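# Observations on chain architecture
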Amino acid sequence: MGRDPSGDLAVVQAQGKSDLKPATIGNSDKLSPGDGVVAIGSPLGLEGTVTQGIVSALNRSYTVSTEQQQQPQQQNPFNFQDPQKQQQQSGSITIPNAIQTDAAINPGNSGGPLLNMSGQVIGINSAIRSSDSSGSGQGGSIGIGFAIPINTAKATADKLIKGEKVQHPLFGVSVTSATDSNGNGSGALVAAVTKGGPADKAGIQKGDVITQVDGTKVPDSDTLVSVVAQHQPGDKVKVTYTRNGKSHTATATLAAAK
């Protein structure tokens, strides 16, 4: 019925089926690290497999190859440039605000549901971080899996079912995590700025360290990805950053990724 490649989601409609029982949808906003979860699917072709674990972390951002969506890639993993253009150039997309879990996920149960201990779907398993270093993307689970929160998936699905286009916010920078002299996170270091993009128009430059967005502290690039992803194209965000040791503020109007 519709697809959102930049969000790694699609909606399909079953035909000729009348005896399907819908799963119960939970609320991914109520998750906390340590909550028990269960993944269901067919890893490596083994049908009806159930694996159990916990929510390891929330609001993770990861980059997944569009050609080998079993293993997140590590090259420039926090790029806010146009996700679809990035996909065309590098074969990868960045998924923000993911649920990190140690429930075993392998090729075959990615795409399946992640459930809480009440049997409610709270995520869609999307990718794993693998120990495989061959580039084949077929390495096994090492206890680091990622799921798209069901609240995100449902909002996307509702739009696709209505025939609406899903838009993602574009900030227009590539960032890495900055650290202080003690090795602690101190912000998101701007590695590149897209010419003519929202960040560029707001006066943000390469080498700036973004420390806050709309009053939310940004200790690392992961947080910046998550905070920006919670907005919509057209939203104005107040960005606090440091340049040459001095703090500055700027207002950026987020664009829509094309």
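Scroll up a little and you will see the structure.
### Notes on the overall build of the protein chain
On a plain count of helices and strands, the protein chain comes out with four helices and 17 strands. When the 258 residues of the protein chain are sorted by exposure, 43% land in the buried category. Nonlocal contacts in the protein chain, meaning residues at least 24 apart in sequence, comprise 61% of its contacts between residues at least 6 apart.

### What to know about the pairing of strand S13 (residues 209-213)
Every other side chain in a regular strand lies on the same face of the sheet, so the side chains alternate between the two faces. Here strand S12 (residues 185-193) runs beside S13; their pairing, made up of two bridges, is antiparallel. In the strand pairing of S13, Ala188 is matched with Ile210. Summarising the sheet, S13 and strand S15 (residues 236-243) pair through four bridges and their orientation is antiparallel. Paired with Val213 across the strands is Val239, a residue of S15. Bridging between S13 and strand S14 (residues 216-217) involves two bridges; their strand directions are antiparallel. For Gln212, the partnering residue across the bridge sits in S14 and is Lys217. Counting the residues between successive antiparallel strands, the hairpin from S13 to S14 contains two residues, one of them, Asp214, with a positive phi of roughly 50 degrees.

### Considering helix H4 (residues 221-229)
The buried count for H4 comes to seven of nine residues, which makes it a mostly enclosed element. Among the residues of H4, Ser221, Asp222, Leu224, Val225, Ser226, Val227 and Val228 are the ones counted as buried. You can read the cap of H4 off the contacts: a side-chain oxygen lies 3.3 Å from the backbone nitrogen of Asp222, and it is on Asp220.

### Section: the side chain of His231
Inspection of the secondary structure puts His231 in the loop between H4 and S15. At 3.2 Å, the side chain of His231 forms a polar contact with the side chain of Asp214. Those residues in contact with His231 that lie beyond four places of it in its chain are Pro169, Asp214, Val237 and Leu254.

### What about the side chain of Gln100?
Among the secondary structure elements, Gln100 is positioned in strand S6 (residues 92-101). Side chain to side chain, Gln100 and Arg60 meet in a polar contact 2.7 Å long. In this structure Gln100 touches Ile54, Val55, Ser56, Ala57, Arg60, Ile144, Gly145 and Phe146, once residues within four positions along its chain are discounted.

### Looking at helix H2 (residues 150-161)
Along its 12 residues, H2 runs 16 Å from first to last C-alpha, staying within 8% of the 16 Å computed at 1.5 Å per residue. For H2, the set of buried residues is Ile150, Ala153, Thr156, Ala157 and Leu160. Within H2, the buried residues cover an arc of 125 degrees as seen down the axis, which keeps them to one side. Of the residues one or two after H2, Gly163 is the one with positive phi, at around 80 degrees.

### Observations regarding the pattern of salt bridges
In this structure the tally under the stated criterion is two salt bridges. With its nearest N and O atoms 2.8 Å apart, the salt bridge here joins Asp208 to Arg243. Pair noted here: Asp208 is in the loop between helix H3 (198-201) and S13 and Arg243 is in strand S15, with a separation of 35 residues, a long-range link. When its relative accessible area of 1% is taken as the criterion, Asp208 is described as buried. Using a relative accessible area of 22% as the deciding quantity, one classes Arg243 as partly exposed.

Rules used in this analysis
- Residues numbered from 1 in each chain as written.
- Predicted model: local features only at pLDDT ≥ 70, side-chain atom pairs only at ≥ 80, totals over all residues.
- Heavy atoms only, no water.
- Helix = DSSP H or I, 4+ residues; strand = E, 2+ residues; numbered from the N terminus.
- Buried < 20%, exposed > 50% of the residue type's maximum accessible area, 1.4 Å probe, protein only.
- Contact = heavy atoms within 4.5 Å.
- Pairing = 2+ DSSP bridges.
- Polar contact = N/O pair within 3.5 Å; in protein donor to acceptor, adjacent residues only side chain to side chain.
- Expected span 1.5 Å × (residues − 1).
- Arc of directions from axis to C-beta.
- Salt bridge = Lys/Arg side-chain N within 4 Å of Asp/Glu carboxyl O.

Honestly, that's just the spatial picture; any functional story needs more than this.
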